[in-house]
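# Report on the structure
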Amino acid sequence: MPLVQVGLIADVHGNLPALEAVLDDMPSVDEVVCAGDVVGYNPWPAACLERVRDVATVTVQGNHDRTVETPERYSHNEMARAGLEYANAELDDEQRHWLANLPQRTQFAQGEYRLAHSHPDPDELGTYVRPRDFPRLRPYLDEHAGIVIAHTHIQHAATIDERLIVNPGSVGQPRDGDPRAAYAVLDTESNTVDLHRVDYDIDRVISTIETTQLPTKTATRLLEGE
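Residues numbered from 1 in each chain as written. Predicted model: local features only at pLDDT ≥ 70, side-chain atom pairs only at ≥ 80, totals over all residues. Heavy atoms only, no water.

## Some words on the packing of helix H2 (residues 45–55) against helix H5 (residues 93–100)
Note the threshold: Only the stretch in contact is used when fitting a helix axis, every axis being a line fitted to C-alpha atoms; angles between N-to-C directions are given from 0 to 180 degrees. Only runs of H or I of at least four residues qualify as helices and only runs of E of at least two qualify as strands under DSSP, and these elements are numbered from the N terminus. Oblique is the label for any angle not under 35 degrees, not over 145, and not in the 65 to 115 range, which are roughly parallel, roughly antiparallel and roughly perpendicular in turn. Helix crossings are classified by the rotation of the near helix relative to the far one: an anticlockwise turn of less than a right angle makes the crossing left-handed, while a clockwise turn makes it right-handed. By definition, residues are in contact when any of their heavy atoms lie within 4.5 Å.
The N-to-C vectors of H2 and H5 enclose an angle of 60°; their axes lie 11 Å apart at closest approach. Relative to H5, the element H2 lies oblique. Where H2 crosses over H5, the handedness of that crossing is left-handed. Contacts between H2 and H5 involve Ala46, Leu49, Glu50 and Arg53 from the former and Glu94, Gln95, Trp98 and Leu99 from the latter.

## A word on H2
Applicable threshold: Partly exposed describes any residue whose relative accessible area lies between the buried limit of under 20% and the exposed limit of over 50%, with all areas from a 1.4 Å probe on protein chains only and scaled to the type maximum. To be clear, the arc concerns the directions from the helix axis to the C-beta atoms.
Along H2, the residues that are buried comprise Pro45, Cys48, Leu49 and Val52. Projected down its long axis, H2 carries its buried residues within an arc of 100°, all on one side. Elements that come into contact with the buried residues of H2 comprise strand S1 (5–9), helix H1 (16–25), strand S2 (31–34), strand S3 (56–59), helix H4 (78–90) and H5.

## Considerations on the packing of aromatic side chains
Formally: Pairing of aromatic rings covers Phe, Tyr and the six-membered ring of Trp, with a centre-to-centre limit of 6.5 Å; geometry is then stacked below 30 degrees between planes, edge-to-face above 60, and tilted otherwise. Think of it as a cone above the ring: NZ of Lys or CZ of Arg counts as a charge over the ring if it is within 6 Å of the ring centre and within 35 degrees of the ring normal.
By the definition in use, this model includes one aromatic pair. Measuring from centroid to centroid gives 5.5 Å for Phe108 and Tyr113, while their planes differ by 20°, and the two rings are stacked. The same class applies to Phe108 and to Tyr113, which are both buried. The ring of Tyr128 carries Arg130 above its face, with NZ or CZ at 5.1 Å from the centroid.

Right, here's the structure in full:
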(Lines give C-alpha, C1' and ligand atoms only; values in the text may rest on other atoms or scores of the structure.)
Protein backbone atom coordinates (compact mmCIF):
# COMPACT_ATOMS: atom_id res chain seq x y z
CA MET A 1 0.00 0.00 0.00
CA PRO A 2 1.50 3.39 -0.95
CA LEU A 3 2.26 6.02 1.65
CA VAL A 4 -0.87 8.02 2.30
CA GLN A 5 -1.45 10.71 4.87
CA VAL A 6 -5.13 10.88 5.74
CA GLY A 7 -6.72 13.67 7.74
CA LEU A 8 -9.43 12.37 10.07
CA ILE A 9 -12.31 14.57 11.21
CA ALA A 10 -15.57 13.78 12.97
CA ASP A 11 -18.45 15.28 14.94
CA VAL A 12 -18.21 18.70 13.32
CA HIS A 13 -21.73 19.47 14.54
CA GLY A 14 -22.24 22.70 12.66
CA ASN A 15 -19.30 24.48 14.32
CA LEU A 16 -17.76 26.47 11.47
CA PRO A 17 -15.04 28.31 13.46
CA ALA A 18 -13.79 24.97 14.80
CA LEU A 19 -13.86 23.34 11.37
CA GLU A 20 -11.99 26.25 9.81
CA ALA A 21 -9.36 26.10 12.56
CA VAL A 22 -8.88 22.36 12.06
CA LEU A 23 -8.52 22.61 8.30
CA ASP A 24 -6.10 25.53 8.64
CA ASP A 25 -4.02 23.66 11.22
CA MET A 26 -4.00 20.30 9.46
CA PRO A 27 -0.66 19.45 7.82
CA SER A 28 -0.55 18.49 4.16
CA VAL A 29 -2.51 15.27 3.62
CA ASP A 30 -3.46 13.19 0.62
CA GLU A 31 -7.11 13.02 1.55
CA VAL A 32 -9.56 13.87 4.31
CA VAL A 33 -12.05 11.38 5.74
CA CYS A 34 -15.05 12.36 7.89
CA ALA A 35 -16.54 9.95 10.42
CA GLY A 36 -19.93 11.62 10.53
CA ASP A 37 -22.18 14.05 12.37
CA VAL A 38 -21.56 17.04 10.17
CA VAL A 39 -24.62 18.86 11.54
CA GLY A 40 -26.42 19.31 14.85
CA TYR A 41 -26.04 21.50 17.95
CA ASN A 42 -24.23 24.53 16.48
CA PRO A 43 -25.44 27.29 14.13
CA TRP A 44 -23.62 26.67 10.83
CA PRO A 45 -25.05 23.37 9.53
CA ALA A 46 -25.18 24.36 5.85
CA ALA A 47 -21.74 25.97 5.77
CA CYS A 48 -20.14 22.99 7.52
CA LEU A 49 -21.91 20.54 5.22
CA GLU A 50 -20.60 22.32 2.15
CA ARG A 51 -17.09 22.58 3.57
CA VAL A 52 -16.97 18.89 4.49
CA ARG A 53 -18.42 17.90 1.15
CA ASP A 54 -15.71 19.97 -0.51
CA VAL A 55 -12.70 18.62 1.41
CA ALA A 56 -13.62 15.04 2.41
CA THR A 57 -13.26 12.22 -0.09
CA VAL A 58 -15.27 9.89 2.16
CA THR A 59 -17.97 10.73 4.72
CA VAL A 60 -20.20 8.38 6.70
CA GLN A 61 -23.55 9.21 8.25
CA GLY A 62 -23.73 10.08 11.92
CA ASN A 63 -26.80 9.84 14.12
CA HIS A 64 -27.52 13.57 13.82
CA ASP A 65 -27.05 13.45 10.05
CA ARG A 66 -29.53 10.57 9.98
CA THR A 67 -32.24 12.32 12.03
CA VAL A 68 -32.04 15.89 10.79
CA GLU A 69 -35.55 15.57 9.35
CA THR A 70 -36.95 13.84 12.45
CA PRO A 71 -35.71 15.97 15.38
CA GLU A 72 -38.60 14.75 17.53
CA ARG A 73 -36.61 11.55 18.03
CA TYR A 74 -34.45 13.60 20.40
CA SER A 75 -37.34 14.96 22.48
CA HIS A 76 -35.48 13.72 25.56
CA ASN A 77 -32.45 15.92 24.76
CA GLU A 78 -33.19 19.63 24.42
CA MET A 79 -29.82 20.58 22.91
CA ALA A 80 -29.84 17.78 20.35
CA ARG A 81 -33.46 18.37 19.34
CA ALA A 82 -32.99 22.13 19.01
CA GLY A 83 -29.84 21.67 16.93
CA LEU A 84 -31.61 19.29 14.58
CA GLU A 85 -34.64 21.57 14.22
CA TYR A 86 -32.29 24.43 13.40
CA ALA A 87 -30.37 22.35 10.88
CA ASN A 88 -33.56 21.09 9.23
CA ALA A 89 -34.71 24.68 8.76
CA GLU A 90 -31.34 25.90 7.48
CA LEU A 91 -30.54 23.11 4.99
CA ASP A 92 -32.06 22.95 1.54
CA ASP A 93 -33.60 19.84 -0.01
CA GLU A 94 -30.42 18.85 -1.81
CA GLN A 95 -28.32 19.11 1.35
CA ARG A 96 -30.80 17.04 3.34
CA HIS A 97 -30.78 14.47 0.54
CA TRP A 98 -26.98 14.30 0.70
CA LEU A 99 -27.07 13.62 4.45
CA ALA A 100 -29.83 11.04 4.12
CA ASN A 101 -27.87 9.09 1.52
CA LEU A 102 -24.52 8.93 3.26
CA PRO A 103 -23.39 5.37 4.02
CA GLN A 104 -23.50 4.25 7.63
CA ARG A 105 -20.14 2.52 7.23
CA THR A 106 -17.56 2.10 4.49
CA GLN A 107 -13.86 1.58 3.82
CA PHE A 108 -11.02 3.82 2.65
CA ALA A 109 -7.33 3.65 1.71
CA GLN A 110 -7.97 0.92 -0.85
CA GLY A 111 -10.08 -1.03 1.64
CA GLU A 112 -7.38 -1.25 4.29
CA TYR A 113 -9.37 0.73 6.86
CA ARG A 114 -12.95 0.59 8.03
CA LEU A 115 -14.94 3.73 8.75
CA ALA A 116 -18.07 3.99 10.87
CA HIS A 117 -19.62 6.70 12.98
CA SER A 118 -20.47 4.54 15.97
CA HIS A 119 -19.81 0.81 15.52
CA PRO A 120 -18.91 -1.40 12.53
CA ASP A 121 -21.64 -3.94 13.32
CA PRO A 122 -25.00 -2.94 11.74
CA ASP A 123 -26.77 -4.43 14.76
CA GLU A 124 -24.84 -2.03 17.01
CA LEU A 125 -25.81 1.17 15.18
CA GLY A 126 -25.63 4.07 17.62
CA THR A 127 -23.56 2.21 20.21
CA TYR A 128 -20.98 4.34 21.99
CA VAL A 129 -17.54 2.76 21.74
CA ARG A 130 -15.55 4.46 24.49
CA PRO A 131 -11.78 4.10 24.84
CA ARG A 132 -12.14 1.25 27.34
CA ASP A 133 -14.25 -0.60 24.74
CA PHE A 134 -11.71 -0.41 21.91
CA PRO A 135 -10.50 -4.02 22.39
CA ARG A 136 -14.04 -5.22 21.60
CA LEU A 137 -13.59 -4.00 18.03
CA ARG A 138 -10.67 -6.34 17.34
CA PRO A 139 -12.88 -9.14 15.88
CA TYR A 140 -14.05 -6.73 13.17
CA LEU A 141 -10.52 -6.10 11.93
CA ASP A 142 -9.25 -9.50 10.78
CA GLU A 143 -9.09 -8.25 7.18
CA HIS A 144 -8.25 -4.62 7.90
CA ALA A 145 -5.32 -2.61 9.22
CA GLY A 146 -7.59 -0.47 11.38
CA ILE A 147 -10.83 1.37 11.91
CA VAL A 148 -11.87 4.97 12.43
CA ILE A 149 -14.92 5.68 14.59
CA ALA A 150 -16.47 8.71 16.28
CA HIS A 151 -19.72 9.41 18.22
CA THR A 152 -18.30 9.67 21.77
CA HIS A 153 -16.54 13.00 21.10
CA ILE A 154 -13.55 11.53 22.98
CA GLN A 155 -10.20 11.56 21.20
CA HIS A 156 -8.31 8.30 21.61
CA ALA A 157 -6.21 5.80 19.68
CA ALA A 158 -5.00 2.29 20.44
CA THR A 159 -3.18 -0.51 18.65
CA ILE A 160 -4.43 -4.03 19.34
CA ASP A 161 -2.73 -6.97 17.64
CA GLU A 162 -1.18 -4.51 15.18
CA ARG A 163 -4.63 -3.18 14.28
CA LEU A 164 -5.20 0.53 14.76
CA ILE A 165 -8.41 1.83 16.35
CA VAL A 166 -8.83 5.59 16.40
CA ASN A 167 -11.42 8.15 17.32
CA PRO A 168 -10.11 11.51 16.06
CA GLY A 169 -12.26 13.34 18.59
CA SER A 170 -14.82 16.03 17.92
CA VAL A 171 -14.15 19.05 15.77
CA GLY A 172 -17.17 20.97 16.99
CA GLN A 173 -18.14 19.74 20.45
CA PRO A 174 -15.34 17.96 22.38
CA ARG A 175 -16.41 16.02 25.45
CA ASP A 176 -13.07 14.85 26.81
CA GLY A 177 -12.33 17.85 29.01
CA ASP A 178 -10.29 19.69 26.37
CA PRO A 179 -12.24 22.50 24.66
CA ARG A 180 -9.89 22.68 21.69
CA ALA A 181 -11.09 21.29 18.36
CA ALA A 182 -9.84 17.75 17.71
CA TYR A 183 -8.67 15.89 14.64
CA ALA A 184 -6.07 13.30 13.67
CA VAL A 185 -3.69 12.40 10.86
CA LEU A 186 -3.30 8.77 9.85
CA ASP A 187 -0.17 7.37 8.21
CA THR A 188 -1.33 4.29 6.33
CA GLU A 189 2.19 3.08 5.59
CA SER A 190 3.26 2.84 9.23
CA ASN A 191 -0.31 2.30 10.50
CA THR A 192 0.14 5.04 13.07
CA VAL A 193 -1.85 8.12 13.91
CA ASP A 194 -1.05 11.56 15.31
CA LEU A 195 -3.73 13.15 17.46
CA HIS A 196 -4.08 16.93 17.18
CA ARG A 197 -5.84 19.74 19.03
CA VAL A 198 -6.22 23.35 17.98
CA ASP A 199 -7.68 26.46 19.59
CA TYR A 200 -10.55 28.21 17.85
CA ASP A 201 -12.81 31.21 18.43
CA ILE A 202 -15.33 29.80 20.90
CA ASP A 203 -16.58 33.32 21.68
CA ARG A 204 -17.70 33.62 18.05
CA VAL A 205 -19.79 30.48 18.45
CA ILE A 206 -21.29 31.71 21.71
CA SER A 207 -22.19 35.12 20.32
CA THR A 208 -23.76 33.58 17.22
CA ILE A 209 -25.80 31.07 19.25
CA GLU A 210 -27.10 33.97 21.34
CA THR A 211 -28.72 35.39 18.19
CA THR A 212 -30.64 32.14 17.56
CA GLN A 213 -33.17 30.06 19.47
CA LEU A 214 -30.55 27.43 20.27
CA PRO A 215 -30.13 26.63 23.99
CA THR A 216 -27.56 28.68 25.91
CA LYS A 217 -26.02 25.46 27.21
CA THR A 218 -25.08 24.51 23.64
CA ALA A 219 -22.72 27.48 23.70
CA THR A 220 -21.39 27.43 27.25
CA ARG A 221 -20.54 23.71 27.26
CA LEU A 222 -17.92 24.41 24.62
CA LEU A 223 -15.88 26.39 27.14
CA GLU A 224 -15.28 23.27 29.24
CA GLY A 225 -15.04 20.68 26.49
CA GLU A 226 -17.89 18.67 27.93
